[in-house]
Amino acid sequence: MIHYGVDSFRGFRGRVRYWQSVRDCYGSISLIVAIAFALGITPYLVRRNSQGESVLAPSWYGFLNAISRWLLLAYCYSYIHLSNESLIGYFMSNHVSQISTKLHDIGGVIVAIFTFIIPLLLRKHFLRSVKTMVRVDQKLDRLRSPVDFNTVVGQVILVISVIVIVDTILLTTCLVCLAKMEVKASWQLTFILVYELMVVSITICMFCLMTRTVQRRITCLHKVLKNLAHQWDSRTLKAVTQKQRSLQCLDSFSMYTIVTKDPAEIIQESMEIHHLICEAAATANKYFTYQLLTIISIAFLIIVFDAYYVLETLLGKSKRESKFKTVEFVTFFSCQMILYLIAIISIVEGSNRAIKKSEKTGGIVHSLLNKTKSAEVKEKLQQFSMQLMHLKINFTAAGLFNIDRTLYFTISGALTTYLIILLQFTSNSPNNGYGNGGSCCETYSNMTNRTL
């Protein structure tokens, strides 16, 4: 046992050293891919091939793990459905709570399918996106604008640590609130509550990692173009002959661009890099599109009903007898609502930052176009400008809506509308589920007896 523990510690120490010395895109994403593999989200792992290069390799265990996790969630949802068990059912039973319970059960099954099964079918898009990013890194390295992969690994570790801390705090708060309200949920319901949140968090983390990857490569491309503009500002660039290229040395400012190359060649390679970045972003969006649609839709439903439960409790608490502790009840559903608000904000902000960064490329290209005197370079920049017009980075949820900051306005408007409808529906209901209101038949009978 001691020997096994020593070997495990050495293996862990080796992985830490590997993460600290990564030199390619595969190494920078190996940690998050390993976590997703363990949860059953992806069947890929970062491994070494026969040539000693890092690659994304599928595993039969990954497929088996994803299917088994989906079957486990399907069993848990079937059990709580047949047992008529739900979190809100422990506190209230009215038309809204029954509808929300059914929607949550249906949505949970859909989330499980789109989180575990669909990624298996679309796994080649993820692989193709990563391979395209590797090609981008190779071209950026030739232009002396390499990606700092150690910084990438540090950011991944930081984000994962923050996710673990936030999820742990909020989940612990929820479970403590349930315990204080003397709610003894089955292990199936508790498993769904915990495991779904873990899977959604890691899926969002993977998507944000891909958008951050796109943003980082665009930043490196901007450095290449800005350095070229600085060279034009500092001296008049002349046509460089092949003999002069072999003798010209790297100047003190050129940290990123190979000045021994002709500016037209640099613009051409920049165009190719931009095309590859857009291709990688589009391919990544194909992989995540249905997962994002499902997560955003389910998060919106949970936020709507949780906000309704909290408002209904706070606004109607003085009018009816309580069957639960108000503070714990409000805290529980507020924490759940905050978790899914964070999920939506993370998705939108990750996508929006990459889009906004890509939109700045056009301004840099047109700035170069105004400064250049060479007809050949001007023609290349005009081609680059046309490419920017027709090739843009965009993230959508299955093509139904764009994932950017305009989504905040759409969600807030829909949330307000549905909350008003639900609150009016409850206030007009003759029996709100707390056991204090009379039924319609009883009211009609009393009116009849008084008349007689």
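What you are looking at is a predicted structure, and each value in this text was computed from that prediction instead of being measured.

K.L.:
Just to check I follow, could you spell out the overall build of the chain for this structure?
P.N.:
When helices and strands are tallied, the chain shows 13 helices and 2 strands. The burial tally for the chain puts 49% of its 452 residues in the buried class. Entry remark: accessible area of the chain is about 23,500 Å², with carbon and sulfur atoms responsible for 62%.

K.L.:
How should I be thinking about the pattern of salt bridges in this particular structure?
P.N.:
Two side chains bearing opposite charge may form a pair once their charged atoms approach each other closely. Applying the stated criterion to the full structure yields 4 salt bridges. Among the salt bridges present, the one from Asp137 reaches Arg217, with a minimum N-O distance of 2.8 Å. Here Asp137 is found in helix α5 (residues 123-142), whereas its partner Arg217 is found in helix α7 (residues 187-234), with 80 residues between them in sequence. As far as the burial class goes, Asp137 and Arg217 line up, both buried.

K.L.:
Can you walk me through unusual backbone geometry in this structure?
P.N.:
Glycine aside, negative phi is the norm for most residues, and most peptide bonds take the trans geometry. With a phi close to 60°, Arg144 is a non-glycine residue in the positive phi region. Mapped onto the fold, Arg144 is located in the loop between α5 and α6 (149-180). Accessibility expressed as a relative area gives 41% for Arg144, which makes it partly exposed.

K.L.:
Would you take a moment to explain the pairing of strand β2 (residues 54-58) for this structure?
P.N.:
Within a regular beta strand, the side chains point alternately toward one face of the sheet and then the other, so they alternate between its two faces. With 5 bridges joining them, strand β1 (residues 44-48) and β2 adopt antiparallel strand pairing. Residue pairing for β2: Leu45 is matched across the bridge by Ala57. Hairpin geometry of β1 and β2 is characterised by an intervening segment of 5 residues between the two adjacent antiparallel strands and by a positive phi of about 80° at Gly52.

K.L.:
Explain α6 to me, please; I cannot follow it from the model alone.
P.N.:
Since the α-helix advances by 3.6 residues per turn, residues separated by three or four positions end up pointing in the same direction. The end-to-end C-alpha distance of α6 is 46 Å, a good match for the 46 Å that 32 residues give at a rise of 1.5 Å each. Every buried residue belonging to α6 is among Phe149, Val152, Val153, Val156, Ile160, Asp167, Leu170, Leu171, Cys174, Cys177 and Leu178, and all of these are buried. Two residues or fewer past α6, Glu182 is found with a positive phi of approximately 60°.

K.L.:
Teacher, can you tell me more about the side chain of Thr115 here?
P.N.:
With respect to the helices and strands, the residue Thr115 is situated in helix α4 (residues 95-121). Ignoring sequence-local partners within four residues, the contact set of Thr115 consists of Ile41, Val199 and Thr203.

K.L.:
Explain a positive patch on the surface to me, please; I cannot follow it from the model alone.
P.N.:
Judged by side-chain charge, Lys124, Arg128, Lys131 and Lys286 come together as a positively charged surface patch. In this fold, Lys286 is placed in helix α9 (residues 263-316). The class for Lys286 is partly exposed, based on a relative accessible area of 48%.

K.L.:
Looking at this structure, I do not really get the nonpolar core. What am I missing?
P.N.:
One recurring pattern in soluble globular proteins: nonpolar side chains tend to sit buried together. One finds Ile32, Leu56 and Phe126 to be the most contacted residues of the largest nonpolar core, which totals 127 residues. The element best represented in this core is α9, accounting for 28 residues. In this structure, Phe126 is in contact with Val33, Tyr44, Leu56, Met206, Met210 and Tyr287, ignoring residues within four places of it in sequence.

K.L.:
What am I meant to see in α5 here?
P.N.:
Taking 1.5 Å of rise per residue, the 20 residues of α5 would be expected to cover 28 Å, and the 30 Å separating its terminal C-alpha atoms lies within 8% of that figure. Downstream of α5 by a residue or two, Arg144 has a phi angle that is positive, lying close to 60°.

K.L.:
Honestly, the packing of helix α2 (residues 25-39) against α5 in this entry has me stumped. Any pointers?
P.N.:
The description of two helices packed together rests on the angle between their axes and the distance between the axes. Look at α2 against α5: their axes get within 10 Å of each other, and the N-to-C directions meet at 145°. Within the contact between the two elements, α2 uses Cys25, Tyr26, Ile29 and Val33 and α5 uses Phe126, Val130, Lys131, Met133, Val134 and Asp137.

K.L.:
Please explain the environment of Lys380 as it appears in this structure.
P.N.:
Note on placement: Lys380 falls in helix α11 (residues 375-390). Under the relative-accessibility criterion, Lys380 is labelled partly exposed at 21%. Setting aside residues no more than four positions away along its own chain, Lys380 makes contact with Ala264, Ile267, Gln268 and Met271. In this structure the side chain of Lys380 is engaged in a polar contact, spanning 2.8 Å, whose partner is the side chain of Gln268.

K.L.:
Where do I start with the confidence of the model for the chain in this structure?
P.N.:
A low pLDDT means the predicted coordinates there should not be read in detail. Residue-level pLDDT values for the chain average 79, and 80% of them are 70 or greater. At the level of individual helices and strands, the chain shows its lowest average pLDDT in helix α13 (residues 440-451), which scores 40, and its highest in α5, which scores 91. Of the regions scoring below 50 in pLDDT, residues 236-260 engages in 40 contacts with residues more than four places distant in sequence or in other chains. The low-confidence segment residues 318-322 (pLDDT under 50) makes 7 contacts with residues lying over four places distant or belonging to another chain.

K.L.:
Explain the packing of aromatic side chains here, please?
P.N.:
In this description, a pair of aromatic rings is defined by centroid distance and the angle of the planes. Throughout the structure, instances matching the rule amount to 17 aromatic pairs. Both rings, one in Tyr44 and one in Phe126, keep their centres 6.4 Å apart while their planes meet at 35°; by these two values the pair is tilted. One end of the pair, Tyr44, is in strand β1; the other, Phe126, is in helix α5, with 82 residues separating them in the sequence. Overall, Phe126 belongs to the buried group, its relative accessible area being 3%. Ring geometry for Phe126 against Tyr287: centres 5.2 Å apart, planes inclined by 35°, an arrangement best described as tilted. Linking Phe126 in helix α5 with Tyr287 in helix α9, this pair joins segments that are 161 residues apart in sequence. For the pair Phe126 and Tyr287, one class covers both residues: buried. The rings of Tyr44, Phe126, Phe207, Tyr287, Phe288 and Phe395 are connected pair by pair, giving a single aromatic cluster.

Cut-offs used in this document
Residues numbered from 1 in each chain as written. Predicted model: local features only at pLDDT ≥ 70, side-chain atom pairs only at ≥ 80, totals over all residues. Heavy atoms only, no water. Helix = DSSP H or I, 4+ residues; strand = E, 2+ residues; numbered from the N terminus. Buried < 20%, exposed > 50% of the residue type's maximum accessible area, 1.4 Å probe, protein only. Areas by Shrake-Rupley, 256 points an atom, 1.4 Å probe, with all protein chains shown as cover. Salt bridge = Lys/Arg side-chain N within 4 Å of Asp/Glu carboxyl O. Pairing = 2+ DSSP bridges. Expected span 1.5 Å × (residues − 1). Contact = heavy atoms within 4.5 Å. Patch = residues over 30% accessible without salt bridge, like charges linked within 9 Å, V, L, I, M, F, W, Y side chains within 5 Å. Lys, Arg positive; Asp, Glu negative; His and termini not counted. Charge placed at Lys NZ, Arg CZ, Asp CG, Glu CD. Core = buried A, V, L, I, M, F, W, Y, C linked by side-chain atoms within 4.5 Å. Axes fitted to C-alpha atoms, helices over the stretch in contact; angles between N-to-C directions. Polar contact = N/O pair within 3.5 Å; in protein donor to acceptor, adjacent residues only side chain to side chain. pLDDT = per-residue confidence, 0-100. Phe/Tyr/Trp six-rings, centres within 6.5 Å; stacked < 30°, edge-to-face > 60°.

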